[in-house]
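Each chain, letter by letter, is given below.
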Amino acid sequence: MKTKAQLVQYASRSLVAALTVIAFIGCRSAKEEPRSGMPAPAAASTAPVGPAKAAPGVIRIRAGDTAPFTDSKGNPWLADQGFADGETTPRAGDLKIENTEDPGLYRAERYSMTAFSYPLSNGKYTVKLHFAETFEGITGPGQRVFSFKVQDREFKDFDIWVKAGGARRAYVETVPVEITNGKLSITFTPGVENPEINGIEIIPGA
């Protein structure tokens, strides 16, 4: 017959064994829980939601040339584009152009064009049109006169010679506009001789 002390010792060992079995089963169940159809918690995503859309930068187009151009301030100019029609012509690489730090911009031109357009987000812009009279056949005022319209701003009887103060001199016409239909539109109408242009800048903001 077991003594009382032996019974207590036996009961203690049995209790410890039972608790060990329960703990083992609990640990095994916890490890295998994902397989039972209950998905494991997803890790938090570190991927960005998406960058904010960058504000549009200045668009510069050198008219009359298939190669891009970099001006004296390091600004890049795109090659000729956006014109509906017309012709292009280069000038001599050493042609002197006054009233500018970037004579190279005015050593190519597009002429005889009727329209230019460029897709833009709606908003306010400043448009700069660059001109210089470099055609040797023009020898005085009144020999090249044309009109153009930038969005709803019209410039009638525009004479580069008069505006620039002579031949081979740069002149920039600055026009504030508001885009409401998703594109910038410029139209040209010949008068005396053909319209011509050397560059277009499109600057966000007014």
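Residues numbered from 1 in each chain as written. Predicted model: local features only at pLDDT ≥ 70, side-chain atom pairs only at ≥ 80, totals over all residues. Heavy atoms only, no water.

1. Points about the overall build of the protein chain
- Within the protein chain one finds two helices and 13 strands.
- Buried residues in the protein chain amount to 33% of all 206 residues.
- Residue pairs in contact within the protein chain that sit at least 24 positions apart in sequence constitute 72% of those at least 6 positions apart.
- Entry remark: accessible area of the protein chain is about 12800 Å², with carbon and sulfur atoms responsible for 56%. (Helix = DSSP H or I, 4+ residues; strand = E, 2+ residues; numbered from the N terminus. Buried < 20%, exposed > 50% of the residue type's maximum accessible area, 1.4 Å probe, protein only. Contact = heavy atoms within 4.5 Å. Areas by Shrake-Rupley, 256 points an atom, 1.4 Å probe, with all protein chains shown as cover.)

2. Considerations on the sheet that holds strand β1 (residues 59-62)
- The four strands are arranged β1-β13-β7-β10 in an open sheet whose pairing can be described as antiparallel. In this open sheet, the two strands that pair with only one neighbour each are β1 and β10 (171-179). On average, adjacent strands in this sheet sit at an angle of 15° to one another, irrespective of strand direction.
- Across four bridges, β1 lies against strand β13 (residues 199-204) in antiparallel orientation. Opposite I59, over in β13, you have I202 as the bridge partner. (Pairing = 2+ DSSP bridges. Axes fitted to C-alpha atoms, helices over the stretch in contact; angles between N-to-C directions.)

3. Some points on the packing of aromatic side chains
- Counted under the stated rule, the structure contains 10 aromatic pairs.
- Ring geometry for F131 against F158: centres 4.8 Å apart, planes inclined by 50°, an arrangement best described as tilted. A residue pair is termed long-range when its members are at least 10 positions apart, and F131 in strand β7 (residues 123-131) and F158 in strand β9 (residues 153-158) qualify at 27 residues.
- Taken together, a centroid distance of 6.2 Å and an interplanar angle of 40° make the contact between F146 and F148 tilted.
- Given the relative accessible area of 2%, F148 is considered buried. (Phe/Tyr/Trp six-rings, centres within 6.5 Å; stacked < 30°, edge-to-face > 60°.)

4. Quick notes on the side chain of E196
- Note that E196 resides in strand β12 (residues 196-197).
- For the buried E196, which has no salt bridge, the nearest side chain bearing the opposite charge is R144, at an N-O separation of 5.4 Å.
- In contact with E196, other than residues within four places in its own chain, are E109, R110, Y111, M113, F131, A132, R144, F146 and I160. (Lys, Arg positive; Asp, Glu negative; His and termini not counted. Salt bridge = Lys/Arg side-chain N within 4 Å of Asp/Glu carboxyl O.)

5. Here's the deal with the confidence of the model for the protein chain
- When pLDDT is averaged across the protein chain, the result is 82; 72% of the residues are at 70 or more.
- Across residues 1-12, where pLDDT falls below 50, the model places two contacts with residues more than four positions away in sequence or in other chains.
- For the stretch residues 14-55, pLDDT sits under 50, and the model shows one contact to residues farther than four places along the chain or on other chains. (pLDDT = per-residue confidence, 0-100.)

6. Describing the pattern of salt bridges
- Per the stated rule, a full pass over the model turns up eight salt bridges.
- Taking the shortest distance from any N to any O, the salt bridge between R60 and E201 comes out at 3.0 Å. Taken together, the residues span a long stretch of sequence, with R60 in strand β1 and E201 in strand β13 at a distance of 141 residues. Each member of the pair R60 and E201 is classed as buried.
- For R91, the salt bridge is made with E109, and the minimal N-O distance between the two is 3.3 Å. Note that R91 is positioned in the loop between β4 (87-90) and β5 (108-111) and E109 in strand β5, a separation of 18 residues in sequence.

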